[in-house]
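A look at the structure
Each chain is listed here by its residues.
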Amino acid sequence: QIVEQRAIEASNVVVCDLISSICQSTGVPADCVRLLCGMSMLQPSKRIESPASLSAQYVEGRPLELTCIRMRGRAFTAAAISGRAIQVLPRIPSVGDRCHSDRTYMFTSLGGFVDRPSMHYLLTSNSDKSTPVGKVMWRLDLRRPVRVYLNFRSR
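Residues numbered from 1 in each chain as written. Predicted model: local features only at pLDDT ≥ 70, side-chain atom pairs only at ≥ 80, totals over all residues. Heavy atoms only, no water.

**Here's the deal with the overall build of the protein**
- In terms of regular secondary structure, the protein is built from 1 helix and 9 strands.
- Reading the helices (α) and strands (β) of the protein from amino to carboxyl end gives β-α-β-β-β-β-β-β-β-β.
- With 155 residues in all, the protein has 26% of them scored as buried.
- When contacts within the protein are restricted to residue pairs at least 6 apart in sequence, long-range pairs at least 24 apart make up 61% of them.
- Counting only carbon and sulfur atoms, one obtains 51% of the accessible surface of the protein, whose full area is about 11,300 Å². (Helix = DSSP H or I, 4+ residues; strand = E, 2+ residues; numbered from the N terminus. Buried < 20%, exposed > 50% of the residue type's maximum accessible area, 1.4 Å probe, protein only. Contact = heavy atoms within 4.5 Å. Areas by Shrake-Rupley, 256 points an atom, 1.4 Å probe, with all protein chains shown as cover.)

Have a look at this one:
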């Protein structure tokens, strides 16, 4: 099924802009859409300078075909091995929001995390801190490349 056909004339088209366009025409959430050129997944931040910049097999004058795949489910999910509550929030909490699901601790600052695009937050149980050091605390099911930041609170 052809979801979208588009001639890209301008240089420096950003992959996330193509994904946004696909999402608008299909109603699929952006974190469930991936674009591939051949067998290579294109990172959303990648700029397409020209069709030849994506594929060594590109033939001048012919259209470059990208494959759009729909990922099943969300880009990632989380589970606490303890069975306690854990929730993937679609954004960083605000100052004054709760740090944990089972405590009334509130954020007074979020530092540089606030300015990072597409950042999610795991709202966890503070009681999971008692997980023995040799045991798994949480399990993350990741369906795309991600960078995980661990924030250790200091007093």
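**Details of the packing of aromatic side chains**
- Inspection of the entire model under this criterion finds 2 aromatic pairs.
- Arranged with centres 5.7 Å apart and planes meeting at 80°, the rings of Phe 107 and Tyr 121 form a pair that is edge-to-face. Within this pair, whereas Phe 107 is found in the loop between strand 7 (86-89) and strand 8 (121-124), its partner Tyr 121 is found in strand 8, the two being separated by 14 residues in sequence. One exposure class covers both Phe 107 and Tyr 121, and it is buried.
- With a centroid separation of 5.7 Å and an interplanar angle of 75°, the aromatic rings of Phe 113 and Tyr 149 are classed as edge-to-face. Here Phe 113, found in the loop between strand 7 and strand 8, pairs with Tyr 149, found in the segment after strand 9 (138-142); they are 36 residues apart in sequence, far enough to count as distant.
- The class for Phe 113 is partly exposed, based on a relative accessible area of 24%.
- Overall, the relative accessible area of 32% leaves Tyr 149 in the partly exposed class. (Phe/Tyr/Trp six-rings, centres within 6.5 Å; stacked < 30°, edge-to-face > 60°.)

**Description of the pattern of salt bridges**
- Inspection of every chain in the model, using the stated rule, returns 3 salt bridges.
- Salt-bridge contacts for Arg 84 lead to Asp 128; the nearest nitrogen and oxygen are separated by 2.8 Å. On the criterion of sequence distance, the pair formed by Arg 84 in the loop between strand 6 (76-80) and strand 7 and Asp 128 in the loop between strand 8 and strand 9 is long-range, its members being 44 residues apart.
- Judged by relative accessible area, Asp 128 falls into the buried class, the value being 0%.
- Arg 91 serves as the salt-bridge partner of Asp 97, at 3.8 Å between the closest nitrogen and oxygen.
- Given a relative accessible area of 27%, Asp 97 falls into the partly exposed group. (Salt bridge = Lys/Arg side-chain N within 4 Å of Asp/Glu carboxyl O.)

**Describing the nonpolar core**
- Counting residues in hydrophobic clusters, the biggest one holds 14 residues, and the most contacted among them are Val 15, Ile 19, Val 33, Leu 35 and Leu 42.
- Mapped onto this core, the elements with two or more residues apiece are helix 1 (15-26) and strand 2 (33-37).
- A total of 5 residues in this core trace back to one element, the largest contributor, which is helix 1.
- The residues touching Val 15, leaving out its near neighbours within four places in the chain, are Leu 35, Leu 42, Gln 43, Pro 44, Lys 46 and Ile 48.
- Ile 92, Phe 107, Tyr 121 and Leu 123 belong to the second-largest nonpolar core, a separate cluster that totals 8 residues. (Core = buried A, V, L, I, M, F, W, Y, C linked by side-chain atoms within 4.5 Å.)

**What about the sheet that holds strand 3 (residues 40-41)?**
- Spatial ordering of the open sheet is given by 3-2-5, a layout of 3 strands whose pairing is antiparallel. Single-partner strands in this sheet number two, and they are strand 3 and strand 5 (67-70).
- Of the strand pairs in this sheet, strand 2 and strand 5 are connected by 4 bridges, and their pairing is antiparallel. What sits directly across from Val 33, in strand 5, is Arg 70.
- Lying on the sheet, helix 1 is in contact with strand 2 and strand 5; it crosses strand 2 at an angle near 125°. (Pairing = 2+ DSSP bridges. Axes fitted to C-alpha atoms, helices over the stretch in contact; angles between N-to-C directions.)

**Quick look at the environment of Glu 65**
- Of note, Glu 65 is situated in the loop between strand 4 (47-48) and strand 5.
- Separated by 29 residues in sequence, Glu 65 and Leu 36 have C-alpha atoms that sit 8.9 Å apart.

All quantities given are derived from atomic positions and should not be read as evidence of function.
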